[in-house]
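# Coordinate inspection notes
Listed below, chain by chain, are the residues.
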Amino acid sequence: GAVVSQHPSRVICKSGTSVKIECRSLDFQATTMFWYRQFPKQSLMLMATSNEGSKATYEQGVEKDKFLINHASLTLSTLTVTSAHPEDSSFYICSARAGQASYGYTFGSGTRLTVV
Amino acid sequence: QKEVEQNSGPLSVPEGAIASLNCTYSDRGSQSFFWYRQYSGKSPELIMSIYSNGDKEDGRFTAQLNKASQYVSLLIRDSQPSDSATYLCAVRRSNDYKLSFGAGTTVTVRA
């Protein structure tokens, strides 16, 4: 089955620093990657969508200069949280979609970011 | 109006009972529907996908879809304590590949 590997699973960083989160599709080519954020007791909120080789499209209210997304290959997408602040502390999850309908949407294991 | 709405929880059922979860959506052109299970602190895992009207069964899970009513449901038969989790309904938007998620329904199965 389709597997998406997401790293790191947990990260603690100091306010003002940047953090990079990686998502890799291990056994399929991810045509599209989605990045979500989930606050406690809330549902997943889509932050941005990226297609390999093109700029990410961000949802309304998401700062593109703060959340940098790179989808340089069909198997790797990265999310960099720049100048992190405590309010950026959240659970970040990536999801990959292959071109083939049978794979559907596969989620990474998530990254718990804590900004202190 | 929210794109995807789920029945408010939490839902508590005794072990062995049927848990019934409901979801409505606003985009009449949507064609793909998914139920995900999410344990606390973990990412969602796919339980069922359904694309056609009617029922789809997979083990103890049955998804039901009624596009005319813009309604999708999930039944969990013979509920087990391990089914205790938050269940998320997701609908693929008709004009792109993005998923819209409901707020989730938390299910607790009492032993």
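One structure accompanies this document, and this report is about it. Computed from a predicted model, the values in this text were never measured in an experiment.

What follows is about the nonpolar core. If you look at the biggest cluster of nonpolar residues, it comprises 25 residues, and the most contacted ones within it are Trp35, Phe67, Leu79, Tyr92 and Leu113 of chain A. Of all elements in the fold, only β2 (10–13), β3 (19–25), β4 (30–38), β5 (45–51), β7 (67–73), β8 (76–81), β9 (90–98) and β11 (111–115) of chain A reach the threshold of two or more residues within this core. Looking at this core element by element, the count peaks at 4 residues for β9 of chain A. Setting aside residues no more than four positions away along its own chain, Leu113 of chain A makes contact with Val11, Cys13, Val19, Val81, Asp88, Ser89, Ser90 and Tyr92 of chain A. Judged by nonpolar contacts, the second largest core, of 23 residues, contains Trp35, Ile47, Met48 and Cys89 of chain B.

This paragraph deals with the layout of surface pockets. Empty space among the atoms becomes apparent when a probe as large as a water molecule is rolled across them. Size it by volume and the largest pocket reaches roughly 580 Å³. As for the largest pocket, its lining consists of 22 residues, and the residues nearest its centre are Leu44, Met45 and Leu46 of chain A together with Glu3 and Phe101 of chain B. Of all the secondary structure elements, the ones that give two or more residues to the lining of the largest pocket are β5 of chain A together with β1 (4–6) and β10 (99–101) of chain B. Within the lining of the largest pocket, the residues separate by chemical class into 9 nonpolar, 6 polar and 7 charged. Of the pockets and cavities examined, the second largest pocket occupies roughly 480 Å³. As for the second largest pocket, its lining consists of 19 residues, of which Gln38, Lys41 and Gln42 of chain A together with Ser40 and Thr86 of chain B are closest to the centre. For the lining of the second largest pocket, the leading source of residues is strand β9 (residues 85–92) of chain B, giving 3 residues.

Time to look at the pattern of salt bridges. Pairing between side chains of opposite charge can happen when the charged atoms of each approach one another. Inspection of the entire model under this criterion finds 8 salt bridges over all chains. Between Arg93 of chain B and Glu59 of chain A there is a salt bridge, and its shortest N-O distance comes to 3.9 Å. On the criterion of chain membership, the pair formed by Arg93 of chain B in the loop between β9 and β10 and Glu59 of chain A in the loop between β6 (57–58) and β7 is interchain, its members lying in two chains. Glu59 of chain A shares its class with Arg93 of chain B; the two are buried. Beyond isolated ion pairs, a larger network of salt bridges with shared partners links Glu59 of chain A together with Glu3, Arg93 and Lys98 of chain B.

A word on the environment of Thr106 of chain B. All names here are of chain B. Following the sequence through the fold, Thr106 ends up in strand β11 (residues 105–110). On the basis of relative accessibility, which here comes to 35%, the residue Thr106 falls in the partly exposed class. Between the C-alpha atom of Thr106 and that of Ser84, which follows or precedes it by 22 residues, the distance is 7.5 Å. Apart from residues no more than four positions distant in its own chain, Thr106 is found in contact with Pro10, Leu11, Ala85 and Thr86. Side chain to side chain, Thr106 and Thr86 meet in a polar contact 3.0 Å long.

Okay, the side chain of Thr62 of chain B next. Turning to its location among the elements, Thr62 of chain B is positioned in strand β7 (residues 61–66). Side-chain polar atoms of Thr62 of chain B contact the side chain of Arg77 of chain B, separated by 2.5 Å.

Below, the discussion takes up the sheet that holds strand β1 (residues 4–7) of chain A. Residues and elements named next belong to chain A. Taken together, the 4 strands give an open sheet; going across it, the order is β1-β3-β8-β7, and neighbouring strands pair in antiparallel fashion. Strand pairing shows two members of the sheet lacking a second neighbour, β1 and β7, which therefore form its edges. On average, adjacent strands in this sheet sit at an angle of 15° to one another, irrespective of strand direction.

Right, let's get into the environment of Gly16 of chain A. Inspection of the secondary structure puts Gly16 of chain A in the loop between β2 and β3. Not counting the four nearest positions on each side in its chain, Gly16 of chain A is found in contact with Ser83 and Ala84 of chain A.

Accessible area lost when the parts come together is the quantity often used to give the size of an interface. With 16 residues of chain B at the interface, the matching set in chain A holds 17 residues. For the pairing of chain B and chain A, the buried interface totals around 1,300 Å² over both sides, and the portion due to carbon and sulfur atoms is 56%. Counting every contact that joins chain B to chain A gives 2 salt bridges. Our enumeration of links across chain B and chain A arrives at 5 residue pairs in polar contact (both at pLDDT 80 or more). Looking at the side of chain B that touches chain A, the elements with two or more residues in it are β4 (33–38), β9 and β10 of chain B.

This brings us to the state of the cysteines. By the definition in use, this model includes 2 disulfides over all chains. For Cys23 of chain B, the disulfide goes to Cys89 of chain B, at an S-S distance of 2.0 Å. Its torsion about the S-S bond being -70°, the disulfide of Cys23 of chain B and Cys89 of chain B is classed as left-handed. In this pair, Cys23 of chain B is assigned in strand β3 (residues 19–25) and Cys89 of chain B in strand β9, connecting sequence segments 66 residues apart. Each member of the pair, Cys23 of chain B as well as Cys89 of chain B, is classed as buried. As a non-bridged cysteine, Cys13 of chain A has Cys23 of chain A as the owner of its nearest cysteine sulfur, 17 Å distant.

Thresholds applied
Residues numbered from 1 in each chain as written. Chains lettered and ligands numbered in written order. Predicted model: local features only at pLDDT ≥ 70, side-chain atom pairs only at ≥ 80, totals over all residues. Heavy atoms only, no water. Core = buried A, V, L, I, M, F, W, Y, C linked by side-chain atoms within 4.5 Å. Buried < 20%, exposed > 50% of the residue type's maximum accessible area, 1.4 Å probe, protein only. Helix = DSSP H or I, 4+ residues; strand = E, 2+ residues; numbered from the N terminus. Contact = heavy atoms within 4.5 Å. 1 Å grid on protein atoms, 1.4 Å probe; cavity = no way out; pocket = protein on both sides within 12 Å on 5 of 7 lines; lining within 4 Å. Points joined across faces, edges and corners; volume = space filled by probe spheres on them. Nonpolar A, V, L, I, M, F, W, Y, C, P; charged D, E, K, R; others polar. Salt bridge = Lys/Arg side-chain N within 4 Å of Asp/Glu carboxyl O. Polar contact = N/O pair within 3.5 Å; in protein donor to acceptor, adjacent residues only side chain to side chain. Pairing = 2+ DSSP bridges. Axes fitted to C-alpha atoms, helices over the stretch in contact; angles between N-to-C directions. Buried area = accessible area lost by both parts, 1.4 Å probe. Disulfide = S-S within 2.5 Å.

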